[in-house]
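Architecture and fold: a report
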Amino acid sequence: MGKSTQARLLAEVLEAQGVAYCLTREPGGTSGAEAIRGLLLNPPGKGWTKEAEALLFAAARADHVARLIRPALQEGRWVICDRFVDSSRAYQGVAGELGDKIVRELHAIGSDGLLPDMTLVINAEAAEVDRRLTERDGGQSDAIGGRSAEYHASVNAAFRDFAAQEPDRFAFIDGSGSKEDVHARVLQVLSPLVGEGR
């Protein structure tokens, strides 16, 4: 099943093991970033230019990193984040045609270039993703989720390219089957890290 479900299931495993963690999401996670989330997913008027959209994501992330993520890491907690900078690289940088370099530069300015130890990409067939989103959202998509199939295909291709460039930091998870099936695959990939309890 989806990212949010898998993030929650991973958090439950950590909690059962007595590992301190922080479960959060992007855009969002702090009051400031949640306010920006509303602007991004329900934009005013004709929507944002690609430059404005990238800046809003970077601003939300900067607040999120400063006020929630870095403090959690400094306390020794795991941070499980439903989307982070690699999503902006794929959505705004590649599919949005702003360029990966610009998205990385914004991240360097706003969040000091913080990168996750591991980015998990839950991969599913486009038809299955559409079915799940329709089931979840009742056919009502936000400004980004409702973009064209070509846009989302470009996002998927971007993640594949990132994984090829940084295989130690990316893992593709087969998203087919039940949420328990997918959860087992997530734990298999993360077993070295979960075992360390870091």
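Data block above holds the structure.
Residues numbered from 1 in each chain as written. Predicted model: local features only at pLDDT ≥ 70, side-chain atom pairs only at ≥ 80, totals over all residues. Heavy atoms only, no water.

**Digging into helix α7 (residues 149-165)**
End to end, α7 covers 24 Å across 17 residues, agreeing with the expected 24 Å (1.5 Å per residue, within 8%). Check the buried side of α7 and you find it contacts α4 (85-95), α5 (100-111), β3 (119-123) and β4 (170-174). (Helix = DSSP H or I, 4+ residues; strand = E, 2+ residues; numbered from the N terminus. Expected span 1.5 Å × (residues − 1). Contact = heavy atoms within 4.5 Å.)

**Some words on the environment of serine 191**
Looking at the element boundaries, serine 191 is found in helix α8 (residues 179-196). The class for serine 191 is partly exposed, based on a relative accessible area of 40%. (Buried < 20%, exposed > 50% of the residue type's maximum accessible area, 1.4 Å probe, protein only.)

**Considerations on α4**
Among the 11 residues of α4, 10 are classified as buried, and the element is accordingly described as predominantly covered. Packed against the buried residues of α4 are α3 (50-74), α5, β3, α7 and β4. Note on α4: the residue one or two positions beyond its end, glutamate 97, has a positive phi of about 65 degrees.

**Concerning the packing of α3 against α5**
Contact geometry of α3 with α5 gives a least axis separation of 9 Å together with a crossing angle of 35 degrees. Considering the relative orientation of α3 and α5, their crossing is right-handed. Contacts between α3 and α5 pair Ala54, Leu55, Ala58, Arg61, Ala62, Val65 and Arg70 from the former with Leu106, His107, Gly110 and Ser111 from the latter. Along the lines of polarity and charge, the residues of the contact of α3 with α5 split into six nonpolar, three polar and two charged. (Axes fitted to C-alpha atoms, helices over the stretch in contact; angles between N-to-C directions. Left-handed = near helix turned anticlockwise from the far one by under 90°. Nonpolar A, V, L, I, M, F, W, Y, C, P; charged D, E, K, R; others polar.)

**Here's the deal with the packing of aromatic side chains**
One pass over the structure, following the stated rule, counts three aromatic pairs. A centroid spacing of 6.1 Å and a plane angle of 50 degrees characterise the contact between tyrosine 91 and tyrosine 151, whose relative ring orientation is tilted. Of this pair, tyrosine 91 sits in helix α4 while tyrosine 151 sits in helix α7; the two residues are 60 residues apart in sequence, bridging distant segments of the chain. Here tyrosine 151 falls in the buried class, since its relative accessible area comes to 11%. (Phe/Tyr/Trp six-rings, centres within 6.5 Å; stacked < 30°, edge-to-face > 60°.)

**Re the packing of α4 against α5**
Where α4 meets α5, the closest approach of the two axes is 9 Å, and the angle between their N-to-C directions is 145 degrees. The element α4 and its partner α5 pack so that their crossing is right-handed. Note on element contacts: α5 touches α4 through Asp100, Val103, Arg104 and His107, opposite Val85, Ser88, Arg89, Gln92 and Gly93. In terms of residue class, the contact of α4 with α5 is made up of two nonpolar, four polar and three charged.

**Topic: the side chain of serine 87**
Here serine 87 shows up in helix α4. Residue serine 87 is classed as buried on the basis of its relative accessible area, which comes to 11%. Non-local contacts of serine 87, meaning those with residues more than four positions away in its chain, are made with Gln92 and Phe159.

**A look at unusual backbone geometry**
It is generally the case that most residues other than glycine have a negative phi and that most peptide bonds are trans. In this chain, glutamate 26 is followed by proline 27 through a cis amide linkage whose omega measures -10 degrees. Tracing the sequence through the fold places proline 27 in the loop between β1 (21-25) and α2 (31-41). Of note, arginine 83 is a non-glycine position whose phi angle comes to about 80 degrees, a positive value. Summarising the element assignment, arginine 83 is placed in the loop between β2 (78-82) and α4.

**Some thoughts on the environment of aspartate 181**
Here aspartate 181 shows up in helix α8. From its side chain, aspartate 181 meets the backbone nitrogen of serine 178 in a polar contact 3.0 Å long. (Polar contact = N/O pair within 3.5 Å; in protein donor to acceptor, adjacent residues only side chain to side chain.)

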